[in-house]
Amino acid sequence: MTARARVGLAPYLFLLPFLVVFGVFVLAPLGESVVLSTRQMFGPGASVFVGLDNFRFLLHDPLFYKAVRNTLVFTAGSVFIQLPLALGLAMLLNRPGLRGRYVLRLVFFSPQLVGLVFLAVMTSVIFQKRTGVLNQALHALVGVSLDYPWLERQIMPTLILAALWMYVGFNMIYFLAALQNVDRELTEAASIDGAGPGRRFLAVTLPAIAPVGGFVVLLSILGSLQLFELPYILLTGSGPDNKGLTIVTYLYQSGFETGDLGYASAIGWVLAILLAALAVGQRLLAREARA
Amino acid sequence: MSGRRGRRWVHLLTYAVLAPAAVVTLVPFAWLLTSAFKAPQEFFGSMFLPRGDGFLGVAWDRLTTGNLTRLFRELSIGRAMLNSLFLSSVTSVLATLCCAAGGYALAMYRFRGRRVLTWVVLGALIVPPPLLLAPGYQVLYRLGLLDTYSGLILPAMAPAFGVFLFRQASLQSVPPQLLEAGRLDGCSEAGLFGRIALPLLRPMTGAFLLITFLGVWNNFIGPQIVLQSPEKQPLAVAIAQLKGVYYEDYGLLMAGTLVSIAPVAGLFLLLQKDFVSGLTLGAVK
Amino acid sequence: MAQDREQPIAVARAFALRWPGWLAWLSPGGWVIAAIAVGTTVVVVGGGSARPSGEVRMWTFAPPHARMYEPLLEQWASEPDGRRVDLEVLSLPALERRMLGGFLSGVPVADLIEAERRVASRAFAGPLDAVGFLDLTDRLREDGLLDAINPASFSPWTFRGRIFGLPHDVHPVMLCYRADLVEAAGIDVSTIETWDDFARVMRPLMADGDGDGEPDRYLIAFWTTFPDQLEALILQAGDGFFDEEDHLRIATPTNARVVASLAGWIAGPGRIAADVPEFNAAGNKQKIDGYVVAAIMPDWLSNIWRQQMPELAGKLKLMPLPAWEPGGRRTSVWGGTMLGIPRTAEDPDRLWELAKRLYLSPELSRALYEEGDIVTPVKANWSDPIYDRPDPYFSGQAKGRMYLDLAPQVPRRTSSPFNTMAMQRVQDALVGLVELLRDRPGTDRATLESRAMDLLRVAEADVRSRMDRNVFARGETP
């Protein structure tokens, strides 16, 4: 990274469209949401300054904690189940001499093409009790009751599975890309030195994919913590006993269903702070690892 | 593990894992395809195709194209498709241009405010979009953009995520020396971007076009709020409306999903190569 | 860095790429997208808007409503005082987002909005003068409509004593049962007065024919996941979640009794309920298969059954809901729609005339019943003989008259936006009781009811904490 040019206005002009749009449609509303988070309002005519009341209530709001818990469960599922599976798929697809890898890559990516409405309908058809495909299969195979209510008792696992189907292929492509950085010769050398597959993975593969891996983990965490549309469409809300309530669903419901925009903004800002802490933490960790 | 034989076993094992995974991934598509041709009363009668005494033991005569014809006759799906193509393509082209230019500038120039702007872009990644829904709606109203396509396209033109991706890709694949050489040859800054950077960023461009296109194509909450006139609504809204409150007409819903997948599947096939290499560029660092 | 190694190649590529010029900017797929962008822009922008916009904009969420209104709206448009009306059908979530988005940001919405109860209640979260709808109380009084319409129908649109909507319906609730199964078993439903009677008299229908240790059918479609039925059954018992002044009141002995009974329906030793949902193909198949005997049915739901389950024609009958105690109320209410005029609408007088013309007209009342099986709240139209017509779907019963006879008993309801939340919390309480019964099947009735009371107190405290937070719900004027 040597001499970068100092060329007058050019960089500003290149950034101008982004800056204008970003300023008008992100920064301005964002600023407004700061103001909102200190107010209780209902419509332009009814707005009262309440200071930090919204945040104070939030800290003692059992529903918010429930939402945080659910969201963290989903995030854990994404990071500890979905990403390892994506990495596994990528490593299998990356084997030298494997035929049909392009077709398989397409296959695993294909769920990205369908919308969430379809995913929601499909999930409900699979996991429904009695008529659901899953229960009928389990009933026939191991005699589990046809009435096991997945969509009442196992909402987060069901969501994790649904998201797995949709996003595992996407993350697989990231890992596949990362695996191109692995030095084949090094792997071979390790193999000749008598390193088993486990050691080879830890000593050669993992360090090589670590930079991309960190990025994918971060993206996955940021995305999972903002989970909203899938459960919202699938459960038409937050599910029985709010077992499917996520932080952003709660934000949305507070703002657009209860009409409490101040509270919704407070939830949004707490989430943003949480995400910022995670992102900064990840970057620090990555720097540490590189040093 | 020794020699060829071991390797062949590993290969077989690999297929033994990949094949079932591929089947699991594709089963919902088979289900989608068959459900789209089933009448409502058949929907739960069979998993895929109704059994009968036709060819291959399938009751072909009980399948119907009624869902598809209803889709085109009762709902103005053709118009919705046009709207979707318009919104998705225009948004993705404009967003890609904005992000490519922005990301390139952040990566390749030293200028006052560069660090701050980089942090702003990174910071924007953590803003949950619904937080902006209500104040954003007001902005659209003040600018007179409600019920216009611009009201959907403009805000989607500059996703910070895209700028970030293009910054990474530029750092990775645009050598500063090359730009210097171009400058010495008397090339303008815009020319450097167009002639040197854009071609080098082509995989990222393809990947980002596709990501944005898919995102806009499947988004229905935004258009439902911003667009008011029914003839402006895109396909995703039409399909979301099919998931009714009092009745779920699965066959129609599946037919709609099928119709909406076809164009994006075609684009994906065209762009998939860029897509993979593009993501590689974006993910590094 | 790895970059240094690749640099010469990259340089070579970059210069090679200069030759095809601008073609190198994008890959072929990218050019396809760009071409689509240009092409569709020409069509979309060049095509222009073909539809001239009407002068009055109206939103509804129900396609059948739109079909019924169209002739009346066209007639109005052709009159000298009339205006052209743009009637737009939106999905309910879309209507909710748009309406609330407009009210909260002061952005104009349609001139007339037909809103379902849950959606309309969103407008009643702030102070009185911030309600997005126009206060219709004085107009209703001047036009003598307060007595002309079934009184309970006003309650969901009444906020702090003011009325913000013209009622569309009454939506009394009856019990729909499989007359074929019941009569084949020689059961006489006229001996049923209470829910206890219902469980006792119908019990023989819950036989275990296939010997798997579980009944082949259950008596009623109800589950913890049916909040609407739960609310209807609680309203039937009399207390609801809010009192007449819209003060929260969840933990009452009556409600505790009802919730305890409902938990018993689902998980008690005398289980009678099965999870057979409405509006759902799987649930419909179970109804057709006779997996449940009875379902709770407001007038509008009978229309949906008729359309979605033609197989059941002639096999069903209706009867008033069994009461919670002898002499108790034999009906309830589920669903409801109003027509409101947003404050931002121009010329409200003219819109009021149109609203009355739509909702009060005998033709519309008739169409509402003929096409939607919904009985009108307009008392003057109740004498229409159409309500006495035998309905073959319900084994020839004069269904309309049966619903109308129950209309005066329909319970009043709250307009509070916190009702949905209260309903969810009570649903949680029900889930808790069901879990208790599953863990300890021997729990006696008294313990169950006292536990129900505890859970309802928790529910009430939670909703109250949220209501108290709302400076507007506290009634203080800022």
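The structure presented is a predicted model; accordingly, all values stated were derived computationally and were not measured. (Residues numbered from 1 in each chain as written. Chains lettered and ligands numbered in written order. Predicted model: local features only at pLDDT ≥ 70, side-chain atom pairs only at ≥ 80, totals over all residues. Heavy atoms only, no water.)

Visitor: Any chance you could explain the sheet that holds strand E12 (residues 337–340) of chain C here in plain terms?
Guide: The strands that make up a sheet pair up through hydrogen bonds in the backbone, lying either parallel or antiparallel. Residue and element names in this part refer to chain C. Read from one edge of the open sheet, five strands run E2-E1-E3-E12-E6, paired in mixed fashion. Each edge of the open sheet carries a strand with a single partner, namely strand E2 (85–89) and strand E6 (166–167). Across two bridges, strand E1 (residues 56–60) lies against strand E3 (residues 112–116) in parallel orientation. Of the residues in E3, the one forming a bridge with Met58 is Leu112. (Pairing = 2+ DSSP bridges. Helix = DSSP H or I, 4+ residues; strand = E, 2+ residues; numbered from the N terminus.)

Visitor: Help me understand the interface of chain C and chain A, please; the structure alone is not making it clear to me.
Guide: Buried accessible area, meaning the area lost when the parts come together, often serves as the stated size of an interface. Taken together, the contact between chain C and chain A spans 36 residues of the former and 36 residues of the latter. The junction of chain C with chain A conceals about 3,000 Å² of combined surface from both sides, 55% of it contributed by carbon and sulfur atoms. When the buried surface of chain C facing chain A is broken down by residue, Leu104, Arg466 and Arg469 of chain C rank first, second and third, together holding 25% of it. Our count for the contact surface shared by chain C and chain A stands at two salt bridges. Across the salt bridge formed by Arg466 of chain C and Asp61 of chain A, the nearest N and O atoms sit 2.5 Å from each other. Connecting chain C to chain A are six residue pairs in polar contact (both at pLDDT 80 or more). In terms of residue class, the side of chain C that touches chain A is made up of 13 nonpolar, eleven polar and twelve charged. (Contact = heavy atoms within 4.5 Å. Buried area = accessible area lost by both parts, 1.4 Å probe. Salt bridge = Lys/Arg side-chain N within 4 Å of Asp/Glu carboxyl O. Polar contact = N/O pair within 3.5 Å; in protein donor to acceptor, adjacent residues only side chain to side chain. Nonpolar A, V, L, I, M, F, W, Y, C, P; charged D, E, K, R; others polar.)

Visitor: Would you explain helix H5 (residues 116–127) of chain A in this entry?
Guide: One turn of an α-helix holds 3.6 residues; hence residues three or four places apart share an orientation. All names here are of chain A. A rise of 1.5 Å per residue sets the reference length of H5, with its twelve residues, at 16 Å; its end C-alpha atoms lie 16 Å apart and thus fit the reference within 8%. Within H5, eleven of the twelve residues are buried, leaving the element largely enclosed by the surrounding structure. Of all the positions in H5, only Leu116, Val117, Phe118, Leu119, Ala120, Val121, Met122, Thr123, Ser124, Val125 and Phe127 are classed as buried. (Expected span 1.5 Å × (residues − 1). Buried < 20%, exposed > 50% of the residue type's maximum accessible area, 1.4 Å probe, protein only.)

Visitor: Could you clarify how one ought to interpret the side chain of Thr443 of chain C in this entry?
Guide: All names here are of chain C. For Thr443, the location among the structural elements is in the loop between helix H17 (419–439) and helix H18 (445–469). Under the relative-accessibility criterion, Thr443 is labelled buried at 18%. At a separation of 2.6 Å, a polar atom in the side chain of Thr443 contacts the main-chain carbonyl oxygen of Arg440. Filtering out sequence-adjacent residues up to four positions away, Thr443 remains in contact with Leu436, Leu437 and Leu448.

Visitor: What is the right way to read the sheet that holds strand E9 (residues 273–274) of chain C from this model?
Guide: All names here are of chain C. Strands sit in the order E9-E8-E10-E7-E11 across an open sheet of five strands; the sheet is mixed. Where the open sheet ends on each side, the last strands, each with one partner, are E9 and strand E11 (316–320). Strand direction decides the pairing type here: strand E8 (residues 218–221) and E9, joined by two bridges, are parallel. Of the residues in E9, the one forming a bridge with Ala221 is Ala274.

Visitor: Got a minute to help me understand the pairing of E3 of chain C in this structure?
Guide: In the case of a regular strand, side chains alternate between the two sheet surfaces. All names here are of chain C. Within E3, five of the five residues are buried, which leaves the element mostly enclosed by the surrounding structure. By the alternation rule, side chains of E3 split into Leu112, Glu114 and Glu116 and Ile113 and Ala115, which are all buried. Across four bridges, the pairing between E3 and E12 is antiparallel. Considered in E12, the bridge of Glu114 is made with Leu339.

Visitor: Just checking my understanding: could you explain the confidence of the model for chain A for this structure?
Guide: In regions of low pLDDT, the predicted coordinates are not meant to be interpreted in detail. The predicted model of chain A averages 85 in pLDDT, with 96% of residues at 70 or higher. Between the elements of chain A, mean pLDDT differs from a low of 79, seen in helix H9 (residues 184–192) of chain A, to a high of 94, seen in helix H3 (residues 62–93) of chain A. (pLDDT = per-residue confidence, 0-100.)

Visitor: Mind showing me how you'd approach a negative patch on the surface here?
Guide: A cluster of acidic residues, Asp208, Asp210, Asp212, Glu214 and Asp216 of chain C, forms a negative patch at the surface. By the element assignment, Glu214 of chain C lies in the loop between helix H9 (195–202) and E8. (Patch = residues over 30% accessible without salt bridge, like charges linked within 9 Å, V, L, I, M, F, W, Y side chains within 5 Å. Areas by Shrake-Rupley, 256 points an atom, 1.4 Å probe, with all protein chains shown as cover. Lys, Arg positive; Asp, Glu negative; His and termini not counted. Charge placed at Lys NZ, Arg CZ, Asp CG, Glu CD.)

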